[in-house]
Amino acid sequence: MVQPVPEKIDFPKEEEIVLELWKKLDAFQTCLKQSKGKPRYTFYDGPPFATGLPHYGHILAGTIKDIVTRYAHQKGFHVQRRFGWDCHGLPVEFEIDKVLGIKGPDDVAKLGIKNYNNECRKIVMRYSSDWERIINRLGRWIDFKNDYKTLYPSFMESVWWVFKTLYSKGLVYRGVKVMPYSTACNTPLSNFESGQNYKEVQDPAVVVNFPLLDEPNVALVAWTTTPWTLPSNLALCVNPELKYIKVKEKATGKIYILMEARVEALFKSPELYEVLGSMLGKELKGKKYKPIFDYFAQLQSKGAFQVLTDGYVTEESGTGIVHQAPYFGEDDYRVCLAAGVITKEQDIICPVDASGKFTAPVTDFEGLHVKEADKGIIKMLRDNDRLVTAGTVNHSYPFCWRSETPLIYKAVPSWFIRVEQMSQSLLESNQNTYWVPDFVKEKRFGNWLRDARDWAVSRNRYWGTPIPLWVSEDLQEVVCIGSAEELSKLSGEKIEDLHRESIDHITIPSKRPGHPPLKRVTEVFDCWFESGSMPYAQSHYPFEKRKEFEDNFPADFIAEGIDQTRGWFYTLLVISTAIFNKPPFKNLIANGLVLASDGQKMSKSKKNYPDPLEVVNKYGADALRLYLINSPVVRAENLRFKEDGVRDILKDVFLPWYNAYRFFVQNVERLQMESGSTFQFDENILNQLGNTMDKWVLSFTQSLIEFVKQEMAAYRLYTVVPRLVQFIENLTNWYVRMNRKRLKGEGGDEDCKQALSTLFKVLYSMTCVMAPFTPFLTELMYQNLRHLVSNPLDCVHYVMLPEPQSQLIDKDIERAVANMQTVIELGRVIRDKHSQPMKYPLPEVVVISKDEQTLKDVRALQPYVLEELNVRSLTVTSDKETYGVVMRAEPDHKTLGSRLKGTFKAVSQAIKDLKDADIQNFLDTGSIELLGQKLTPEDIRVMYTFKGQSAGADKKYEAHSSGQIIVLLDLKADQSMVEEGMAREVINRMQKLRKKAGLVPTDQVTLFYGVTPAKSDLERIVQSYLSFIENTVKMPVKPKAQMPKANLIMDERQQLMGSELYLAVVGEVKRTLSNAAPSASQQPSSKFINLILSESLKGIKEEGTIFLENPKGSTPLSYSSFLNEIDRIFQLNGRKFKVFDGPNQVTAELLAKLHGKTLLVTSLRDSQTQNIKSSSSSLCSFVDVTCKGKTLSVQLENPKGVAVSHEEVCRVISLVFDVPNSKMPKTFNVEGHKVTLDA
């Protein structure tokens, strides 16, 4: 049987009850068992690092994943959802380095790799329990028990297999490459890692002179923002095709050569220098110069310290001459290698160690970090007369994404995957995928693939999957291992773990007689290589589940943030294309970034965003989920997170939806009470419907289901949610409101059952369709609605999504109602514009349209138009001339003025000159072209005037239009209409009083009224319209003179029409009263507070009890929940109140100290000095239930005298202890207030 629904709802609290239900049902695992054997839908979850807590970016991506996978399950697929953890790499190592004070490789060597990795292992899952708790609270269903971790030996072994497969295809090589390098983490980074964290910084900017050997008095000048690279300078580079000039500085007589286009870099005005000559860059090629420092002077004989040429030098910055430090710049390395200044075979000239400190032969700065050495280098340049100018520059510079320290570019011997040669294959694989939004695939990702670089996969670190290469000292013999078994066979060692401490000591005998055994290279894999291997490694492919993997690869779906175009999306595609020559996924959603409300990056240190769990505890997870999904972020745009937006989802979506559901349940209860029968949904009733609005809302619902099916198949979440929101608007503000009388039974029981059956069908369908999006609220509604269907399932998420019922879709009715809605909305606009309240009837509405079908639609729905606009008559016509309606157009000065500027005056006049037919055509098509300008409804305002004789000349018409429909409203009301409006005003006051009193439709009460002074117009109107008032409020209405002295529930006085209107609600509220009363000596096990409600709040005094914890010793009550409980228990319906402990107002800080106290709840205007009688025992009856070692205090009445039903008591106990109803006692009104349940 359907259960009563409270008027107010605490969404977060209800979600926690739903979580307990899911836990009791083991709902997620039950779903997986139910779907076993169904077609597979494969989903890959990108692994996050567990070294920090989830942020909004994780929550957003997780919500998208949860919606899509829940939807796939409810479409009839088996969807395995395994959570993954990225356990290796810099995030973990960096934390350990900070804790242990490790500065570089020497510190790790002293500690020992085994001890270092053990420290990493300890913290790697530091926040895993927090992740699980937060993700579960957000309603995401994913398997944490059957997870995958990149540190599992099985995972690491599959990574080895991936690498060996690439090695066997000739895609692995060892090379030297200038790469982004983190000196804080002592390791190179890939190009996509270095691009993740650019910052605006201020760096030194110096211009240095390089005297020519053949003309010592002439110097080339070069500009750099990295003075620390100057000790390693081996060449200069100019653009061969651009013009260079020789200039003499007038102030000093010094002669410099620089690019003509960049002369302002050295001189602020032409008066400061004299041009002595010019040449093309290629004429400077080969010129030799004096080195700045002599650290590498011996290389001059090998071609160093000369001018080279290359097109990468531009006119955009500097002096047009670029200094070359080949092992600290990508272009430097390429240019010097091509010119023979360096060779691939020679030793690297890199006097900087792994920690970014200078080494020999740069003895002047040895031991200094390169950034710290800048000042000393600039000073030495000045002292040696090599510094021309020194200053600073603000520019964007890459920082390490983990340590937040500046990166340097540095040559590092690394192991590479050949990606450049795969560029075309990668583009072809990408074409075989479907992305939402598509532009990310074609532009951002496609461009990245076209410019793909070889991928450096090795890291000079410790905590990671070791690269499985065993090599000879001369690198002539290399063995790549693809499994633990292979290593065991070749080495004779037993292999149990694959981390460095377990395998670094293992050697493999050389196949060359007399040569020492092969040793493993020291590097580990970049953790991106591991995450890119997760499709295979999570299943231990190809060592296990080979057929299962191959049958379900590629994945049906993945999703992450747009920043993963250079991260996980990229590494997945590279590995999959290289091994299988196909993409690893079919469908992908890339979301944008969630920023703080000011548009800045969210920052813990700045505290510029609200804590996600605080938002959830305030508004609920469903509200946060829907806010994120119904935003630009799902279209890969950025979202400025605003907490108000989450609140608005509650206000604008959930509350109207919940109120429609509550209204339905109330009227089912009313029908059952009045008719004595049980309401049960019967699908067959829907085939006999005669009411147009019933047919409309069913058609609209089925059209929505069809739309959702179509859009979700295309992964367009951003089109689905707005349509769902619009649907709720149609349901609550149109169907329910326009059919309230029918749903309340005013048209008879059969008509009421048809309306209720229609509303049930819509609400039930909505819970199923919305379940993937708002899993909590739909579950709450489903748990009640399911009692009205036969053979219901235990959980809404077990229910398959409904297929569209085409026989219920009627596009003609949808069109007709849309036309009716337009007419009503236009009429409302006219009323609002002229301050005509809807309560007051008006004589006539006229609907004008050239489209005959529109007029037929409006005529067919005349009763709804008359009632919604509160008018006496409706006229439909195609002849606006009869009513003297003339349209004229006016320019919108604000939009057009700023856009057209000089042509605004001429276009404005052309707009004013438009004829009636031109304006009508503009309204029909939505645009018009005047004087070469295309104008839209934002540019032109259409006005209506009345001219000449017309049928409505004696009436006061006002007009408004939309598209092809014009609405005229006669605003000249007669006296009877004014009086009916006043009667409706009285009805409105009565309804508000009933709501304040917390009454429900089934309460048997009488409303009494009185008017002062007597015999006033107001009293006459009330008496004249008494029958109308009673029929509307659905309760007896009597004069105050007949009012009894007892049973006053609430009364109030207010001013209306210059008179005082007194209203009172009297009667006995029919609630089931409890017979039990607590004895004075009994206290509940849980801490509690007693409450006395002041009469000032509701007109009656009430008593209640709230538990401060439950079960005993756990789940303390928060201050906000305390206030919500007071509102709920006493049905205050949002009225403001204060709470006092004696003379002190209760605050959050005091709450925990008030156990056993009796508090006073008063209105805001009351004094706190009222005397109340305190009680040390609970004012309301209760029972302590002990089970499974815990004791739960459960209220049997609250407020005092209002019983809690036996079913509700059982439900509360069952949620906490998971005890079936069969084990519950028949009654809880027991001696001693204690019950022990058998678990």
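The following refers to the structure shown. What you see is a predicted model; the values in this text were computed from it and never measured. (Residues numbered from 1 in each chain as written. Predicted model: local features only at pLDDT ≥ 70, side-chain atom pairs only at ≥ 80, totals over all residues. Heavy atoms only, no water.)

Examining the nonpolar core
Where we set the bar: The nonpolar core is taken to be a set of buried Ala, Val, Leu, Ile, Met, Phe, Trp, Tyr and Cys residues, with the residues joined through side-chain atoms within 4.5 Å. When accessible area is computed with a 1.4 Å probe and restricted to protein chains, residues below 20% of their type maximum are described as buried, those above 50% as exposed, and intermediate ones as partly exposed. Numbered from the N terminus, helices here are DSSP runs of H or I no shorter than four residues, and strands are runs of E no shorter than two. Residue contacts are counted whenever heavy atoms from the two residues lie within 4.5 Å of one another.
Core analysis: the largest hydrophobic core is formed by 161 residues, its most contacted members being Leu 624, Phe 654 and Phe 664. Of all the elements, helix H22 (residues 643–675) adds the most residues to this core, at 14 residues. Not counting residues within four places of it along the chain, the set of residues in contact with Phe 654 comprises Phe 11, Asp 622, Ala 623, Leu 626, Ile 649, Thr 774 and Leu 777. Phe 163, Ala 452, Tyr 541 and Ala 636 belong to the second-largest nonpolar core, a separate cluster that totals 76 residues.

Here we look at the pattern of salt bridges
Note the following rule: The salt bridge definition used is simple: a Lys or Arg side-chain nitrogen within 4 Å of an Asp or Glu carboxyl oxygen.
Tallied over the entire structure, the rule returns 77 salt bridges. Asp 383 is the salt-bridge partner of Lys 379, the closest N and O atoms lying 3.0 Å from each other. Residue Lys 379 and its partner Asp 383 are located together in helix H11 (residues 370–383), separated by 4 residues, close to a single helical turn. According to the relative accessible area criterion, Asp 383 is exposed, its value standing at 52%. A salt bridge links Lys 618 to Glu 643; the nearest nitrogen and oxygen atoms lie 2.8 Å apart. With Lys 618 in helix H20 (residues 612–619) and Glu 643 in helix H22, this pair connects stretches of sequence that are 25 residues apart.

Quick notes on a nonpolar patch on the surface
Note the threshold: A patch consists of residues whose relative accessible area exceeds 30% and which take part in no salt bridge; residues with like charges are grouped when within 9 Å of each other, and nonpolar side chains (Val, Leu, Ile, Met, Phe, Trp, Tyr) when within 5 Å. Residue exposure ignores everything except the shown protein chains as possible cover, and the areas themselves are Shrake-Rupley values with a 1.4 Å probe.
On the surface, Val 99, Leu 100 and Leu 111 cluster together into a nonpolar patch covering about 240 Å² of accessible area. Counting through the fold element by element, Val 99 comes out in helix H4 (residues 90–100). We classify Val 99 as exposed; its relative accessible area is 64%.

A few points about unusual backbone geometry
In this chain, Tyr 541 is followed by Pro 542 through a cis amide linkage whose omega measures 5°. Tracing the backbone through its elements, the reader meets Pro 542 in the loop between helix H17 (534–537) and helix H18 (546–551). Each neighbour pair has its own omega, and for Phe 553 with Pro 554 the value is 5°, a cis peptide bond. Inspection of the secondary structure puts Pro 554 in the loop between H18 and strand E23 (555–561). The residue Asp 26 is not glycine, and still its phi comes out positive at about 50°. If you trace the backbone, Asp 26 turns up in the loop between helix H1 (11–25) and helix H2 (27–35).

With respect to the sheet that holds strand E46 (residues 1234–1236)
Counted only if it meets this: DSSP bridges decide pairing: two strands pair if at least two such bridges lie between them. Axis angles are defined between N-to-C directions and span 0 to 180 degrees, where every axis is a line fitted to C-alpha atoms and, for a helix, only to the segment in contact.
Strand order in the open sheet formed by 3 strands is E45-E44-E46, with mixed pairing between adjacent strands. What marks the edges here is a single partner per strand, and that holds for strand E45 (1190–1195) and E46. Going from strand to strand, the sheet's axes swing by 25° on average, the running direction of each strand aside. Summarising the sheet, strand E44 (residues 1182–1187) and E45 pair through 6 bridges and their orientation is antiparallel. Residue Phe 1182 lies in a different strand from E45, and its bridge partner there is Gln 1195. In the packing of helix H40 (residues 1206–1217) onto the sheet, contacts are made with E44 and E45, and the angle to E45 comes to roughly 155°.

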